[in-house]
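# Analysis of the macromolecular model
Chain by chain, the residues:
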Amino acid sequence: MITARHLATAVLLAQGIAGSVIGRHQPTPEKDTCLETGTAVYLISNDSPNTIIALPIGEDGTLSAGTITPSGGNGSVSFAHKVGVPAAPDGLVSQSSITIAGQHLFAVNAGSNTVSMFTISSKDPLSLTPVGSPASVPGEFPNTVAASTKNSLACVGMSGAVAGISCAPFSAKTGLGRMDTLRGVALDQTTPPVGPTDTIAHAFFSEDESTLLTMVKGDPDTNKTGFVSMLPISQKASCRKGAPAVFAAAQKDMRSTPSGTGVLFGSQVIPGTDTVFASDASFGAVVLKVDLKAGKATTLSAQKIDGQSATCWSAFVPATNTVFVSDVSVPRLVEMSPKNASIISITELADTGASGFIDLKASGAFLYALAPGNGTVDPMILVLDISGGPATAKPIQMFDLKGMAGVNAQGMAIL
Ligand SMILES: *[C@@H]1O[C@H](CO)[C@@H](O)[C@H](O)[C@H]1NC(C)=O
Ligand SMILES: *[C@@H]1O[C@H](CO)[C@@H](O)[C@H](O)[C@H]1NC(C)=O
Ligand SMILES: *[C@@H]1O[C@H](CO)[C@@H](O)[C@H](O)[C@H]1NC(C)=O
Ligand SMILES: *[C@@H]1O[C@H](CO)[C@@H](O)[C@H](O)[C@H]1NC(C)=O
């Protein structure tokens, strides 16, 4: 149960915790201007049973207590570097374990090999109603999900002993349909997999939703190369006259390894361009040119981040036209150029008590980053005010998830 206690633990950060930034400074806008905000933040506990945590976003961008909804499945936690050593934090070694398309929310249940679909009430964003039953995936350890409103299609990446990519149609009335044939990926993994390398990182759609892109991590320790998978979506011919259009993914995906990449991870489609910004856990981040027709990704720019441990998650911020990346073992956020991945600012966040950040997402003038804790330190969500433009990110709240989620918490989606 969520109680008023959680509201009290939503500690507003003292003025003292200023983001130390390098680069250009811009003045903060007048306090009386209305800043654009999202409606709610969603994440999964990734525990067993797995739950979906929905938190309302206030007018000032801050979070408060919300709802906890059972996902209908169990979470799971990968192993770190060797079988038997649980990896948490970052149990799913992925970005987008929960995603939103229109008024629908999708979440993976890595321990049950299923994906769940919910409708978000248009009146109350904290009210989630399951649509149909969770869909079984044709593989093990589903850890990333993408959904397309245009195609009414949800696609999942699986990183266990049976690994690959599969898609299913969905409808508002009946939920997820049958997942299609697995496009296998030879990870040679166990279930749960041994991460963080040699697993599927992130599935997402291109801006025009014509193609599913999936980042697959290599493993520099064994010289295994990762790749970018592209799976075209097209309209299926229907035998019935007047039947609604049905879209399906191609039988086979196209794969390419952009030069200089090793462990491609959380990725962001840069709107209005043919590029994708991708973090690379082995050194920093890259900007890739993506040819959807040819199914080929090539490296345009690569940027090393000094002092990084594993740069894994990324969030494109329309308001600043920059990308923020996080590292599970370094308590800071790095802001980078979507054009060439050059570093624009570094916000040091050790003062927040977090030891690192995983999933993150922006909405309007605010950025939300999950600090999963370590089992002793509770998971929290850091809220940053980014209304001042590039290189002005300011922490304004550490929202405590105590009693709602633990060290296995993952994912972030914003309505
Ligand atoms: C979740 O795990 C519990 C305990 O192992 C098990 O009893 C239950 O059947 C699982 N549920 C699903 C939906 O996989
Ligand atoms: C990986 O490649 C390097 C350079 O070619 C080589 O020295 C090393 O032995 C290889 N490692 C493995 C595990 O094959
Ligand atoms: C990256 O882009 C920025 C802004 O567009 C520019 O100032 C900078 O020189 C570029 N850096 C590199 C290494 O190309
Ligand atoms: C978690 O982090 C805190 C603060 O850094 C530390 O005191 C504690 O020992 C850590 N716990 C674990 C289980 O690593």
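Residues numbered from 1 in each chain as written. Chains lettered and ligands numbered in written order. Predicted model: local features only at pLDDT ≥ 70, side-chain atom pairs only at ≥ 80, totals over all residues. Heavy atoms only, no water.

## What about the overall build of the protein chain?
Defined as follows: Runs of E in the DSSP output that reach at least two residues are strands. Runs of H or I that reach at least four are helices, and both are numbered from the N terminus. All radius of gyration figures rest on C-alpha atoms, and the globule criterion is 2.2 Å times the number of residues raised to 0.38. We call two residues contacting when some pair of their heavy atoms lies within 4.5 Å. Calculation of accessible area relied on Shrake-Rupley with a 1.4 Å probe; when residues are assessed, cover is drawn exclusively from the protein chains displayed. Positive charges come from Lys and Arg alone, negative charges from Asp and Glu alone, with His and the N- and C-terminal ends not counted. Taken as the charge location is NZ of Lys, CZ of Arg, CG of Asp or CD of Glu.
In terms of regular secondary structure, the protein chain is built from one helix and 34 strands. Taking 22 Å as the expected radius of gyration for a compact globule of 415 residues, we find that the protein chain reaches 20 Å, a close match to that expectation. Sequence separation of 24 or more characterises 55% of the internal contacts of the protein chain that already satisfy a separation of 6 or more. Summed over all atoms, the accessible surface of the protein chain reaches about 16400 Å², with 54% contributed by carbon and sulfur. Considering the protein chain, the positive charge centre built from 25 side chains and the negative charge centre built from 30 side chains are found 9 Å apart.

## Digging into the packing of aromatic side chains
Basically, it comes down to this: Each Phe, Tyr or Trp ring, with Trp reduced to its six-membered ring, pairs with another whose centre is within 6.5 Å; inter-plane angles below 30 degrees give stacked pairs, above 60 give edge-to-face pairs, and intermediate values give tilted ones.
One pass over the structure, following the stated rule, counts two aromatic pairs. Look at F265 and W313: their rings are 5.3 Å apart centre to centre, the planes differ by 55 degrees, and that puts the pair in the tilted class. Of this pair, F265 sits in strand β22 (residues 264-269) while W313 sits in strand β26 (residues 311-317); the two residues are 48 residues apart in sequence, bridging distant segments of the chain.

## So, the pairing of strand β18 (residues 211-216)
Side-chain direction in a regular strand flips from residue to residue, so the side chains alternate between the two faces of the sheet. For clarity, the threshold we go by: Relative accessibility decides the category of a residue: with a 1.4 Å probe and only protein chains considered, values under 20% of the type maximum give buried, values over 50% give exposed, and everything between is partly exposed. Here a strand pair is declared whenever DSSP counts at least two bridges between the two strands.
The buried count for β18 comes to six of six residues, which makes it a mostly enclosed element. A two-sided burial pattern is seen for β18, the buried positions comprising T211, L213 and M215 on one face and L212, T214 and V216 on the other. Here strand β17 (residues 200-205) folds back onto β18, and the loop between the two strands holds five residues, one of which, E209, carries a positive phi near 60 degrees. Pairing of β18 with strand β19 (residues 227-236), which is carried by six bridges, proceeds in the antiparallel orientation. Following the sheet pairing, L213 is matched in β19 by M230.

## Concerning the site of ligand 1
Keep this limit in mind: Here a residue is considered near a molecule or strand provided that any single heavy atom belonging to it is located within 4 Å of it. In protein, a polar contact requires one atom able to donate a hydrogen and another able to accept it; more generally it is a pair of N or O atoms within 3.5 Å, and residues adjacent in sequence count only if both atoms are side-chain atoms. As a working rule, the residues Ala, Val, Leu, Ile, Met, Phe, Trp, Tyr, Cys and Pro are called nonpolar, Asp, Glu, Lys and Arg charged, and the rest polar, with Gly in that last group.
What surrounds ligand 1 is the set G72, G73, N74 and S112. Here an oxygen atom of ligand 1 sits 2.2 Å away from a polar atom, N or O, in the side chain of N74. At 2.8 Å, a side-chain N or O of S112 approaches an oxygen atom of ligand 1. In the complex, 29% of the free accessible area of ligand 1, which totals 360 Å², lies under the protein chains. Residues of the shell around ligand 1, tallied by class, amount to no nonpolar, four polar and no charged.

## As for empty space enclosed by the protein
It is the rolling of a water-molecule-sized probe over the atoms that shows where space remains empty. Rules: For cavity detection a 1 Å grid was placed over the protein atoms alone, and a set of points counts as a cavity when a 1.4 Å probe fits there but cannot get out; an open set counts as a pocket when protein lies on both sides within 12 Å along at least five of seven lines, with lining residues being those that have an atom within 4 Å of a point. Grid points are joined across faces, edges and corners, and a volume is the space filled by probe spheres set on the points.
Tallied over the full model, the rule gives two cavities of 30 Å³ or more. Space inside the largest cavity adds up to approximately 40 Å³. Around the largest cavity, the lining residues are I305, Q308, T311, V325, S326, D327, R332 and V334. Those elements that place two or more of their residues in the lining of the largest cavity are β27 (322-327) and β28 (330-336). At three residues, the largest contribution of residues to the lining of the largest cavity is made by β27. Class assignment for the residues of the lining of the largest cavity results in three nonpolar, three polar and two charged. There is about 30 Å³ of room inside the second largest cavity. Looking at the second largest cavity, the residues that line it are G353, A354, S355, G356, A371, P372, G373, V377, D378 and M380.

## A closer look at the side chain of T352
Position of T352 relative to the elements: it lies in the loop between β29 (343-348) and β30 (360-363). In this structure T352 comes out as buried when scored by relative accessible area, which is 9%. Among the polar contacts made by the side chain of T352, one reaches the main-chain carbonyl oxygen of L349 at a distance of 2.6 Å. A distance of 3.3 Å separates the side chain of T352 from the backbone nitrogen of A354, its partner in a polar contact.

## Considering the layout of surface pockets
The computed volume of the largest pocket comes to approximately 980 Å³. In this structure, the largest pocket is lined by 34 residues; those nearest its centre are T99, I100, F205, Q268 and K361. Listed by contribution, the elements that provide at least two residues to the lining of the largest pocket are β6 (98-101), β11 (142-148), β17, β22, β26, β30 and β34 (410-414). Of the residues belonging to the lining of the largest pocket, the class tally is 20 nonpolar, 10 polar and four charged.

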